[in-house]
Amino acid sequence: MENKWFTISVYSENNVGLLNRISGIFLKRHINIESLNVSKSEIDDVSKFTIVAHTTEKWVHNIVGQIEKQIEVIKAYYHTDDETIYQESALFKIASGLLFDERQIQNIIKDNNAQIVTVSRDFFVIAKSGRRNEIDDMHDQLKPYGIMQFVRSGRISVTKDEMKISAILKEF
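Residue numbers restart at each chain and count upward from 1, following the sequence in its written direction. Predicted model: local features are reported for residues with pLDDT of at least 70 only, side-chain atom pairs are reported and counted for 80 or more only, and whole-chain, interface and lining totals are derived from all residues. Side-chain numbers come from the whole structure's heavy atoms, not from hydrogens or water.

Colleague: Is there a simple way to explain unusual backbone geometry in this structure?
Modeller: Working note: non-glycine residues mostly have negative phi, and peptide bonds are mostly trans. We note that aspartate 45 has phi near 65°; this positive angle belongs to a residue other than glycine. Helix numbering and strand numbering both begin at the N terminus, where a helix is a DSSP run of H or I of at least 4 residues and a strand a DSSP run of E of at least 2. Summarising the element assignment, aspartate 45 is placed in the loop between β2 (33-40) and β3 (47-55). Residues other than glycine seldom take positive phi values, yet asparagine 113 does so here, at roughly 50°. With respect to the helices and strands, asparagine 113 occurs in the loop between α4 (103-111) and β6 (115-119). Residue class for asparagine 113 comes out exposed when judged on its relative accessible area of 67%. To sort residues, take the accessible area from a 1.4 Å probe on protein chains only and compare it with the maximum for the residue type: under 20% means buried, over 50% means exposed, and anything in between is partly exposed.

Set out below in structure tokens:
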């Protein structure tokens, strides 16, 4: 089996220590968590972990099985990139002088459908949402001009098909 990108969605109660146990499941198998996001979900009092890993379907199936054994976990799913709609967000902090002195900076912002979110005397901040490769491309374009700071979020995603989690919770 070949390695592919998988997005794992974990619905759980919000308890201390669960993140540590989930990361331990990956650690034991020497599989890197490429991206991690935890937020509230569409269900009251239920958190959603969105985890991205590059592995085989056999391994991701086993990992999801182990995650579901955690007592706080309600349900876990895995999906390929083709089965989800996903985005990441990034912030770029750039020296303010470049905004006015380098016309190319304005073109990069426009061409990448990015936004300037704040401008100060010393710096300005650009926000970009999109796929990882789009953010990487913009990073590569801005790098020659000097990036003062850069941060990228974990992946957020929704599935194209309906998630059965709400129906599962209604059964309880």
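Colleague: What should I look at first to understand the UniProt feature "domain: ACT" (unreviewed entry) in the chain in this one?
Modeller: UniProt positions are given in the numbering used here, feature names are shortened, and annotations may be inferred rather than shown by experiment. Mapped onto the present numbering, the UniProt feature "domain: ACT" (unreviewed entry) falls at residues 7-87. For residues 7-87, helix accounts for 28% and strand for 43%, while the C-alpha atoms at its two ends are 12 Å apart.

Colleague: It is not clear to me how the packing of aromatic side chains should be interpreted in this structure. Could you clarify?
Modeller: Any two aromatic rings considered together are summarised by their centre-to-centre distance and by the angle between their planes. Note on ring pairs: Phe, Tyr and Trp rings are taken, using the six-membered ring of Trp, and paired if centres are within 6.5 Å. Classes follow the plane angle, with under 30 degrees stacked, over 60 edge-to-face and the rest tilted. Applying the stated rule across the entire model yields three aromatic pairs. Working rule: Lys NZ or Arg CZ, within 6 Å of ring centre, within 35 degrees of ring normal, means a charge sits over the ring. Taking NZ or CZ as reference, arginine 131 lies 4.1 Å from the ring centre of tyrosine 86, over its face. Over the ring of tyrosine 86 we find arginine 155; its NZ or CZ atom is 3.7 Å from the centre of that ring.

Colleague: So what exactly am I meant to see when it comes to a negative patch on the surface here?
Modeller: For patch detection, residues must exceed 30% relative accessible area and be free of salt bridges, and they are connected within 9 Å for like charges or within 5 Å for nonpolar side chains (Val, Leu, Ile, Met, Phe, Trp, Tyr). The Shrake-Rupley method, run with a 1.4 Å probe, gives the accessible areas here. Residue values count only the displayed protein chains as cover. Between Lys or Arg on one side and Asp or Glu on the other, a salt bridge is scored when a side-chain nitrogen of the former is within 4 Å of a carboxyl oxygen of the latter. The positive count covers Lys and Arg only, the negative count covers Asp and Glu only, and His and the chain ends enter neither. One atom stands in for each charge, and that atom is NZ of Lys, CZ of Arg, CG of Asp or CD of Glu. Together, Glu57, Asp82, Glu83 and Asp161 make up a negatively charged patch on the protein surface. Mapped onto the secondary structure, aspartate 161 falls in the loop between β9 (156-159) and α6 (165-171). Residue class for aspartate 161 comes out exposed when judged on its relative accessible area of 63%.

Colleague: Help me understand the pairing of β6, please; the structure alone is not making it clear to me.
Modeller: Residues in a regular strand point their side chains to alternate faces of the sheet. Of the strand pairs in this sheet, β6 and strand β7 (residues 123-130) are connected by four bridges, and their pairing is antiparallel. By the bridge assignment, isoleucine 116 is partnered in β7 with isoleucine 126. Any two strands with at least two DSSP-identified bridges between them are counted as paired. The turn joining β6 and β7, which pair antiparallel and follow one another in sequence, is formed by three residues.

Colleague: Help me understand the sheet that holds β3 in this model?
Modeller: Taking strand neighbours across the sheet as the criterion, the four strands line up as β2-β3-β1-β4 in an open arrangement whose pairing is antiparallel. Both outer strands of the open sheet, β2 and β4 (73-80), are each paired with one neighbouring strand and no more. Neighbour to neighbour, the strand axes of the sheet diverge by 15° on average, direction disregarded. In this sheet, β3 lies alongside β2 in antiparallel orientation, the contact comprising seven bridges. With axes taken as lines fitted to C-alpha atoms, and helix axes fitted only over the stretch in contact, angles between N-to-C directions fall between 0 and 180 degrees.

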